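Topology and contacts: notes
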Amino acid sequence: MILLTCRLWAEPDSSHRRTQLPPPAGSVILPDVPEQVRRRSRAFLHPHCYHLRHENAAEDQRSAPTSEMTDSMKTQLVSAIHLQQVEMQEKPTGNSQGNNADEKFTVEQAVETIGFGRFHVLLFVIMGSANIVEAMEIMLLAVVSPEIRCEWRLEDWQVALVSTMVFVGFMVCGVLAGYIADRYGRWKVVFGGYVWSAYFSLLTSFAPTYGWFIFLRSMVGCGVAGVSQGFVLKTEFIPAKYRAYLLPLGTIFWMTGSMLIILLGMLVVPTMGWRWMIRLSITPSIILIFLFKFIPESARYNVSAGKVDAAVKTLQRIARMNRASLPPGRLVEPALRERGSWRILFSPTFRRTSLLLWYSWFVASFAYYGSVLSSSELLEKNLLCVINADAEHQVKHRHESGLCYCIPFGSSDYQTLLISSLGEVALVPLNIVLLNVFGRRISLTVLQLLTALLFMMVNICTTMFGFTVLLFLLRSLVSMNFNVVYIYTAEVYPTIARSLGMGFCTSFSRIGGMIAPFIAQVLMSRSVIQALTPFAVACVICALGNFLLPIETRGRALLQNS
């Protein structure tokens, strides 16, 4: 084969002898060179053709003048050199294409490469609105408590039981929602939570008795547990450097939900009653049910479940919306079979983190709902130590039977609740600074210590304006603490157990929510200082525990597996 190929260059070719010398190296024109010349040129340079070149040279000497032979050899030699240069230039291109085909990337790399854009704005608005639903359902308890107390002539412990039953539903369904989200997807759980909570909240407005009311509210709490998984879905789409900015801003939606339910109470309850207030309060849930179709399933979940094609389509959609591109290569991540396993939470890597986080969530909820319900109770029963109080403040309102306090909120009480709700976003810039400068652990420690201090200051005798300021700052701190513990939990656990870890944490937080009403609404009637002290002590102990958390997640990529 080689001898035959090598012979081809020596065949007489008069047209080739008339070929002029090609231009100097630098101007490449050889792609137009005929294939026959290419074969002869390769053969000319082939090492096995050395003896053939001499034989052919001898034949050319016998058959042609010396000058003509020399010109032909020069022409073929230059052609061979040029051809070799072209092939060397084409070779790197082929290699680079092959390298691109062999390149791989992960979801984390894709999310970071795409960066922040229009998709994340849409995600921030729609998923942030889930906080509106959750806040309205929780704050509804503070607004409706005086009304149901009077309608059904409830005692303090019965009013507290309403809040407790909501948190029972949340606690039971929190772990279940986390397990389902890790096994079958985040999107399904969040969407189901919207529908469930809206349906049972509507039924609550038709409750004929106190027993039906607390049962239906517990079902609402179960739906809200599913809605809370939206925080995980949102976190998994946000690049690492933007999480400490975007996630704290979600507090704006929580504040919006709190203010909406207070405004509904102010405008609707005096004229149409508390039942119509609840019916109108489900409007955001119904709107979000239709908007949620614009949010895709988590790409991190899809790859963990082996649905790589679905993850690629989601990432391509995000890249198009953000006017960006995916990394070169193909998405490659192994499917993970251990999704939703509680053993991951108790593995040596996460055991201490899980135990400390559960207590942190307990205290975060205990302090938050303690501050909300305490402010409602202090205003309703006029238990504040107010300097230069008016005559109305000195009255202790009781029902005629003496079983309960029975007086609806006045406009001034609603205004105080509105102002305190604004406190939830007042210190968001400080929260962002703490997260980016000091990290998650130190932020949690500082916020819990300041919260303990503010709880004790609420008992100080001051003016009504002074109480409003204290309540404003207290709501800011407990809200910031809740926000940071949400962020830390979503960042510290891997994708295969992130929703389950969040579910366990939220369930422990609802234990705090179950206990808080009995202290804020029952013990408060006996002694304000005795009711506020447990909140302060729990925050101090939690601050020490947060300082001992073994993992700092500031700037760290989200883990896919353990």
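Residues numbered from 1 in each chain as written. Predicted model: local features only at pLDDT ≥ 70, side-chain atom pairs only at ≥ 80, totals over all residues. Heavy atoms only, no water.

- Per an unreviewed UniProt entry, the protein goes by SVOP-like and derives from Poecilia latipinna.
- Its UniProt record gives the protein the following Subcellular location (unreviewed entry) comment, quoted word for word: "Membrane".
- According to UniProt, the comment filed for the protein under the heading Sequence similarities (unreviewed entry) is "Belongs to the major facilitator superfamily." (UniProt positions renumbered as here; feature names shortened; annotations may be inferred.)

1. Some words on the overall build of the protein
- Helices and strands together make up the secondary structure of the protein, namely 26 helices and 2 strands.
- Counting over 562 residues, the protein shows a buried share of 55%.
- In the protein, the share of contacts with a sequence separation of at least 24, taken over all contacts with a separation of at least 6, comes to 85%.
- A total of about 24100 Å² of accessible surface is found on the protein, and carbon and sulfur atoms cover 64% of it. (Helix = DSSP H or I, 4+ residues; strand = E, 2+ residues; numbered from the N terminus. Buried < 20%, exposed > 50% of the residue type's maximum accessible area, 1.4 Å probe, protein only. Contact = heavy atoms within 4.5 Å. Areas by Shrake-Rupley, 256 points an atom, 1.4 Å probe, with all protein chains shown as cover.)

2. A word on the packing of aromatic side chains
- Overall, the coordinates contain 31 aromatic pairs when judged by the stated rule.
- Between the aromatic rings of Phe119 and Phe237, the centroid separation amounts to 5.3 Å while the plane-to-plane angle is 75°, which identifies the pairing as edge-to-face. With Phe119 in helix H7 (residues 118-152) and Phe237 in the loop between helix H11 (230-235) and helix H12 (240-249), this pair connects stretches of sequence that are 118 residues apart. Note on accessibility: Phe119 and Phe237 belong to one class, buried.
- Their ring planes at 85° and their centres at 5.6 Å tell us that Phe213 and Trp274 sit as a pair that is edge-to-face. On the criterion of sequence distance, the pair formed by Phe213 in helix H10 (residues 210-227) and Trp274 in helix H15 (residues 274-281) is long-range, its members being 61 residues apart. Just as Phe213 is buried, Trp274 falls in that class too.
- Taken together, the ring pairs connect Phe167, Phe231, Trp254, Trp361, Tyr368, Tyr369, Phe482 and Tyr486 into an aromatic cluster. (Phe/Tyr/Trp six-rings, centres within 6.5 Å; stacked < 30°, edge-to-face > 60°.)

3. What to know about the state of the cysteines
- Taken as a whole and assessed by the stated rule, the structure comprises 1 disulfide.
- Paired by a disulfide, Cys173 and Cys222 hold their sulfur atoms 1.7 Å apart. Across the disulfide from Cys173 to Cys222, rotation about the S-S bond amounts to roughly -85°, and the bridge is consequently left-handed. Of this pair, Cys173 sits in helix H8 (residues 156-184) while Cys222 sits in helix H10; the two residues are 49 residues apart in sequence, bridging distant segments of the chain. (Disulfide = S-S within 2.5 Å.)

4. Brief notes about the side chain of Ser258
- Its place among the elements puts Ser258 in helix H13 (residues 251-267).
- For Ser258, a relative accessible area of 0% corresponds to the buried category.
- Among all residues touching Ser258, those that are not within four sequence positions of it are Ala135, Met139, Tyr368, Ser421, Glu424 and Arg475.

5. A word on the packing of H7 against H8
- Packing of H7 against H8 brings their axes to within 10 Å, and their N-to-C directions diverge by 160°. When the interaxial angle is binned, H7 and H8 end up roughly antiparallel. Of the two elements, H7 crosses H8, and the hand of that crossing is right-handed. Across the interface between the two elements, Glu134, Ile138, Leu141, Ser145, Ile148 and Arg149 from H7 touch Asp156, Val159, Val162, Ser163, Val166, Phe167 and Phe170 from H8. (Axes fitted to C-alpha atoms, helices over the stretch in contact; angles between N-to-C directions. Parallel < 35°, antiparallel > 145°, perpendicular 65-115°, else oblique. Left-handed = near helix turned anticlockwise from the far one by under 90°.)

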